[in-house]
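# Inside the fold
So you can see what is in the structure, the chains are spelled out below.
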Amino acid sequence: MYIGIDLGGTNIAVGMVDDNGKILAQESLPTLSGRSYKEIVKDMAALCEKVAQQSGHSMKDVDAIGIGSPGAIDSKNGVVVFAGNLKFEKAPIAGEMKKYFNIPVHLENDANAAAYGEYAVCGHDAESFVFITLGTGVGGGIIIDGQIYRGFNGAGAEIGHMTLKMDGHPCTCGRKGCFEVYASVTALIEQTSQAMKEDPETMMNDWVRENGHVSGRTAFECAVKGDAAAAMVRDEYIRYIAEGVISIINIFQPDMLVIGGGISKEGDVILKPLKDYVSKGDFNKFMEKTNIQTAKLFNDAGIIGAALAAKNNI
């Protein structure tokens with residue numbers, strides 16, 4: 001038995017996970033970021049006890065705890081070097097957790113943990129595997145020969161911060177034109193809002209009046225109903241994703257590339273045009289192609305990946 005913890009800026013999600021990556025029990029609490037790391041770890045420990053009990057076990061049955069945290073992570077020493085949304089700086093999360101439980105604790109970047117979860121459950125036969133998650137930002141992870149690629153300093157695989165457009169839109173990282181500012185759901189919402197301003201007749205305006213706000217679903221749902229402005233937003237957004245995917249494939253030529261995040265639930269609506277666009281731009285025209293798929297685990301990927309990374313001590 002293993003416990004996976006997905007520590008986010010909004011919620012702490014904890015699950016008891018078996019040897020096959022199945023979640024047996026799951027609980028969550030608000031993170032209430034801004035608190036000290038000791039207070040947050042105390043809540044994490046309480047949730048660990050709770051999911052162990054709910055699954056019919058105790059902490060004595062748990063072989064390891066895995067934690068996925070945002071920010072720059074020193075996995076070797078179990079330290080969150082810096083996490084802006086948690087206000088952590090040099091926080092020894094693994095060491096603090098060991099004060100509660102005398103079992104191994106593995107700390108990993110949250111995007112890497114989610115990538116490893118998708119890999120372990122859906123892509124474990126792949127020698128090279130890339131995961132891209134489209135959400136508030138764009139994150140991801142790279143798995144090579146079963147190991148998470150972190151770079152020499154633990155900060156590798158920042159997929160969202162490769163340049164898509166030189167001198168393009170400003171990014172929160174301080175640069176301009178990052179993949180994240182065109183392919184995140186935040187970007188999609190901005191693109192949708194702009195299209196609504198330019199075309200007062202688009203049914204997206206009606207959709208927002210009915211639903212209360214613009215979301216990542218607005219353009220996709222209206223495009224299905226035949227709205228031309230929504231279709232333009234949707235198609236341009238998919239092209240932005242595809243341009244980033246092409247660059248990643250041209251560098252790594254991975255066996256499998258998986259698109260995650262809530263927008264991936266659109267399935268073939270995204271996947272088919274994405275594959276068509278990528279096939280035209282992929283530098284490799286003559287050899288076997290990367291298998292591009294949408295995610296299978298969705299919100300559970302972080303919990304499962306953190307648990308299995310701890311299990312395999314990667």
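Residues numbered from 1 in each chain as written. Predicted model: local features only at pLDDT ≥ 70, side-chain atom pairs only at ≥ 80, totals over all residues. Heavy atoms only, no water.

Secondary structure assignment for the protein chain yields 10 helices and 13 strands. Here the C-alpha atoms of the protein chain give a radius of gyration of 20 Å, agreeing with the 20 Å that 2.2 N^0.38 yields for 314 residues. Counting only C-alpha atoms, the protein chain reaches 60 × 50 × 35 Å along its principal axes. By residue count, 52% of the 314 residues in the protein chain fall in the buried class. With an accessible surface of roughly 15000 Å², the protein chain has 50% of that area assigned to carbon and sulfur atoms. Taking the 29 positively charged and 39 negatively charged side chains of the protein chain as two groups, their mean positions are separated by 3 Å. (Helix = DSSP H or I, 4+ residues; strand = E, 2+ residues; numbered from the N terminus. Rg over C-alpha atoms; globule rule 2.2 N^0.38 Å. Buried < 20%, exposed > 50% of the residue type's maximum accessible area, 1.4 Å probe, protein only. Areas by Shrake-Rupley, 256 points an atom, 1.4 Å probe, with all protein chains shown as cover. Lys, Arg positive; Asp, Glu negative; His and termini not counted. Charge placed at Lys NZ, Arg CZ, Asp CG, Glu CD.)

Glancing now at the sheet that holds strand β4 (residues 64–69). Taking strand neighbours across the sheet as the criterion, the 5 strands line up as β3-β2-β1-β4-β8 in an open arrangement whose pairing is mixed. The outermost strands of the open sheet, each flanked by one partner alone, are β3 (23–30) and β8 (105–109). In this sheet, neighbouring strand axes are inclined to one another by 15 degrees on average, regardless of whether the strands run parallel or antiparallel. For strand β1 (residues 2–7) and β4, the ladder comprises 5 bridges, and the chain directions are parallel. Looking across to β4, one finds that I3 is bridged to I65. Contacts from helix α1 (residues 37–54) reach β1, β2 (11–17), β3 and β4 within the one sheet, and its direction differs from that of β3 by about 150 degrees. Together, β1, β2, β3, β4 and β8 form the strand contacts of helix α10 (residues 301–312), whose direction differs from that of β1 by roughly 130 degrees. (Pairing = 2+ DSSP bridges. Axes fitted to C-alpha atoms, helices over the stretch in contact; angles between N-to-C directions. Contact = heavy atoms within 4.5 Å.)

Taken as a whole, this structure holds 5 aromatic pairs when the rule is applied. For the ring pair Y116 and Y119, a centre distance of 5.7 Å and an interplane angle of 40 degrees mean the geometry is tilted. Linking Y116 with Y119, this pair stays in helix α3 (residues 110–122), spanning 3 residues, or about one helical turn. Taken together, the ring pairs connect Y116, Y119 and F129 into an aromatic cluster. (Phe/Tyr/Trp six-rings, centres within 6.5 Å; stacked < 30°, edge-to-face > 60°.)

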